[in-house]
Amino acid sequence: MKSCLKPVLFLSIIMIASSALLSCSKPKEAKVIVSENEFSIRKLNDYAYTIDARGKVKNVGEVDVKRVVVTAYCRDCSKGLEQGNWLVAERERASEEKDMINYLVVGGEAEFSFTDVAIMYNTPKPPKEMPKEMEVVVESFEAVD
């Protein structure tokens, strides 16, 4: 009986130690990047224009992700209504101003598109150029366990 107790005790100690070591391991990282983006100017009516965005995001992390929210910011756009200047609203993004990708596997890539990054009102001529400081960002996502 004593000879049987030692191996069982030894195996129990090894199992406890190995499970403690495994539980201390670093959790897998979730990371999503914008791999491509493109902005375009679209005419709303005779005196208004908007900037739309489209592109791709890629999951470069170690786990699948879900609910990936992508939007864009115009950093040098005006906050007030000025004729002939690009402007952005000072409020939370509306649903048409962002896109959500439901699920993205590790290494996977998905397309996004949304409208109204910035708007120009009261201008009879089409804008000649886009604002210089515009960027698409991954606003949020959730890692899948």
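Residues numbered from 1 in each chain as written. Predicted model: local features only at pLDDT ≥ 70, side-chain atom pairs only at ≥ 80, totals over all residues. Heavy atoms only, no water.

A. Broad picture of the packing of aromatic side chains. Per the counting criterion, the structure on display carries one aromatic pair. When the centroid spacing of 5.8 Å and the interplanar angle of 20° are considered together, the rings of Phe112 and Phe114 count as stacked. The exposure class of Phe112 is buried, given its relative accessible area of 3%. (Phe/Tyr/Trp six-rings, centres within 6.5 Å; stacked < 30°, edge-to-face > 60°. Buried < 20%, exposed > 50% of the residue type's maximum accessible area, 1.4 Å probe, protein only.)

B. Up close: unusual backbone geometry. At Arg67, a residue that is not glycine, the phi angle is positive and equals roughly 50°. Summarising the element assignment, Arg67 is placed in strand β3 (residues 65-74). Taking the relative accessible area as the measure of exposure, Arg67 reaches 40% and is therefore partly exposed. Positive phi, normally seen in glycine, also occurs at Asp116, with a value near 60°. Take Asp116: it is sitting in the loop between β5 (109-114) and β6 (119-120). Taking the relative accessible area as the measure of exposure, Asp116 reaches 18% and is therefore buried. (Helix = DSSP H or I, 4+ residues; strand = E, 2+ residues; numbered from the N terminus.)

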